[in-house]
Amino acid sequence: MDNRQTQITDPTTHATREALVVLEAVSKSFREGEKTRMVLDRVTARIHAGEIVALVGRSGSGKSTLLNLICGIEAPDQGGILVEGRRLDTLGERDRTLYRRARVGFIYQFFNLIPTLTVAENVALPLELNGVPAGERVGRVMALLQAVDLADRGDAFPDRLSGGEQQRVAIARALAHEPPLLLADEPTGNLDAETGARVMALLHGLVREQGRALVLVTHSPEVSAMADHVWELMDGRLRPWGAS
Ligand SMILES: Nc1ncnc2c1ncn2[C@@H]1O[C@H](COP(=O)(O)OP(=O)(O)OP(=O)(O)O)[C@@H](O)[C@H]1O
Ligand SMILES: [Mg+2]
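Anyway, here's the lowdown on the structure attached to this text. Because the structure is predicted, anything quoted here is derived from the model rather than measured.

**Structural notes on the packing of aromatic side chains**
Line of reasoning, step 1. On inspection of all chains with the given rule, the structure shows one aromatic pair.
Line of reasoning, step 2. An angle of 20 degrees between the planes, with centres 4.7 Å apart, marks the rings of F106 and Y108 as stacked.
Line of reasoning, step 3. By relative accessible area, which is 12% here, F106 ends up buried.
Line of reasoning, step 4. According to the relative accessible area criterion, Y108 is partly exposed, its value standing at 30%.

**A few points about helix α3 (residues 119–129)**
Line of reasoning, step 1. Three or more residues of α3 are buried, namely V119, N122, V123, A124, P126 and L127.
Line of reasoning, step 2. Summarising the contacts, the buried residues of α3 are in contact with α4 (134–147) and α5 (163–175).
Line of reasoning, step 3. Directly after α3, the chain includes G131, whose backbone phi takes a positive value near 80 degrees.

**Things to note about the site of ligand 1**
Line of reasoning, step 1. Within the structure, ligand 1 sits among F30, R37, V39, R58, S59, G60, S61, G62, K63, S64, T65 and H219.
Line of reasoning, step 2. Take G60: an N or O atom from its main chain is 2.8 Å from an oxygen atom of ligand 1.
Line of reasoning, step 3. For ligand 1, an oxygen atom lies 3.0 Å from a polar atom in the backbone of G62.
Line of reasoning, step 4. Contributions of two or more residues to the shell around ligand 1 are made by β2 (35–47) and α1 (63–70).
Line of reasoning, step 5. Per element, the largest residue contribution to the shell around ligand 1 is three residues, and it comes from α1.
Line of reasoning, step 6. Residue classes in the shell around ligand 1 are distributed as two nonpolar, seven polar and three charged.

**Observations concerning the sheet that holds strand β4 (residues 78–83)**
Line of reasoning, step 1. Sheet architecture is open: four strands sit in the order β2-β1-β4-β5, paired in antiparallel fashion. The open sheet has two edge strands with one neighbour each: β2 and β5 (86–87).
Line of reasoning, step 2. Relative to β2, strand β1 (residues 21–32) runs antiparallel, the two sharing nine bridges. Of the residues in β2, the one forming a bridge with V22 is R46.
Line of reasoning, step 3. Packed onto the sheet, α1 meets β1, β2 and β4 and runs at close to 120 degrees relative to β1.

**Looking at the sheet that holds strand β10 (residues 237–240)**
Line of reasoning, step 1. One open sheet accounts for six strands, arranged β6-β7-β8-β3-β9-β10; its pairing is mixed. If you trace the sheet from one side to the other, it starts and ends with β6 (104–107) and β10, each paired once. For this sheet the average axis-to-axis angle between neighbouring strands, irrespective of direction, equals 20 degrees.
Line of reasoning, step 2. In this structure, strand β3 (residues 52–56) lies alongside strand β9 (residues 229–234), joined through four bridges in parallel fashion. Following the sheet pairing, V53 is matched in β9 by H229.
Line of reasoning, step 3. Across the sheet, helix α2 (residues 93–103) is in contact with β6 and β7 (181–185); its angle to β6 comes to roughly 80 degrees.

Conventions used here
Along each chain, the written sequence defines residue order, and numbers are assigned to residues from 1. Key to labels: chains lettered from A, ligands numbered from 1, both in the order written. Reporting in this predicted model follows two pLDDT cut-offs: at least 70 for local features of residues, and 80 or more for side-chain atom pairs to be given and counted; totals over whole chains, interfaces and linings ignore these cut-offs and use all residues. Side-chain numbers come from the whole structure's heavy atoms, not from hydrogens or water. Here a pair means two rings of Phe, Tyr or Trp (six-membered ring of Trp) with centres within 6.5 Å. Their orientation is stacked below 30 degrees between planes, edge-to-face above 60, and tilted elsewhere. To sort residues, take the accessible area from a 1.4 Å probe on protein chains only and compare it with the maximum for the residue type: under 20% means buried, over 50% means exposed, and anything in between is partly exposed. In this text, helices come from DSSP runs of H or I with a minimum length of four residues, and strands from runs of E with a minimum of two, each type numbered from the N-terminal end. We call two residues in contact when some of their heavy atoms are within 4.5 Å. For each residue, the test is whether any non-hydrogen atom lies within 4 Å of the molecule or strand; if one does, the residue is near. In protein, a polar contact requires one atom able to donate a hydrogen and another able to accept it; more generally it is a pair of N or O atoms within 3.5 Å, and residues adjacent in sequence count only if both atoms are side-chain atoms. Here the nonpolar group is Ala, Val, Leu, Ile, Met, Phe, Trp, Tyr, Cys and Pro; Asp, Glu, Lys and Arg are the charged ones; every other residue, Gly included, is treated as polar. Pairing between strands is defined by DSSP: at least two bridges between the two strands are required. Think of each axis as a best-fit line through the C-alpha atoms, taken over the contacting stretch in the case of a helix, with angles from 0 to 180 degrees between the N-to-C directions.

Below, the structure written as structure tokens:
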């Protein structure tokens with residue numbers, strides 16, 4: 001696969017701009033005892049900077065698996081995965097980990113904050129892992145906490161915060177190292193509707209302002225309504241939501 005192929009149109013988008021993420025006939029199956037279970041079957045898609053893509057589909061349809069492939073937690077059985085023009089599918093596990101640490105921000109359903117670290121230390125963690133000097137980290141963490149409206153909670157431990165506050169810390173942490181790609185697995189799944197809407201509005205604003213791409217798994221029609229594209233996984237295939 002070469003860069004020219006990143007400009008081919010495909011069923012999920014008509015854009016011909018160079019894509020941030022290219023999935024080219026990606027297949028993934030898991031073994032279950034004697035049997036092999038095909039979860040993704042030749043999935044092809046393009047995701048561009050500045051876009052929000054919502055991924056929907058019933059439980060077990062492969063949504064988390066697809067995120068795991070895009071961030072390099074899993075490797076595909078077949079097919080090409082390109083991020084920022086770099087092939088992921090041919091990288092070994094160590095190189096995929098380094099890629100993920102530097103270029104991806106992940107927001108989890110259950111926040112996944114480290115309970116023994118303060119809010120500020122949680123947000124600083126990706127900066128530390130990416131070698132940002134301590135002196136620079138302080139200012140950046142403060143700016144990130146201001147962006148998510150938690151400037152006065154830096155010294156608190158996560159268990160003192162509400163669900164919405166914890167999710168905002170997780171967003172600040174995911175953005176800390178300025179990754180071009182944000183992935184979120186049901187980021188509002190554990191929030192009440194109003195808090196979820198506020199978290200989504202924040203995420204939406206940050207993604208748009210900073211020109212990042214966001215792929216998020218959601219079961220919520222309100223969240224899907226904020227996306228540029230809604231794609232559905234069904235029977236291993238990806239297609240625009242609502243297409244027959
Ligand atoms: N590491 C694994 N080993 C074996 N099977 C797996 C593994 N990861 C996922 N699967 C299987 O792949 C299928 C898709 O799982 P996945 O977690 O991607 O679904 P999902 O769409 O995210 O579902 P949910 O909405 O419930 O989170 C499931 O049948 C699951 O059991
Ligand atoms: Mg899942």
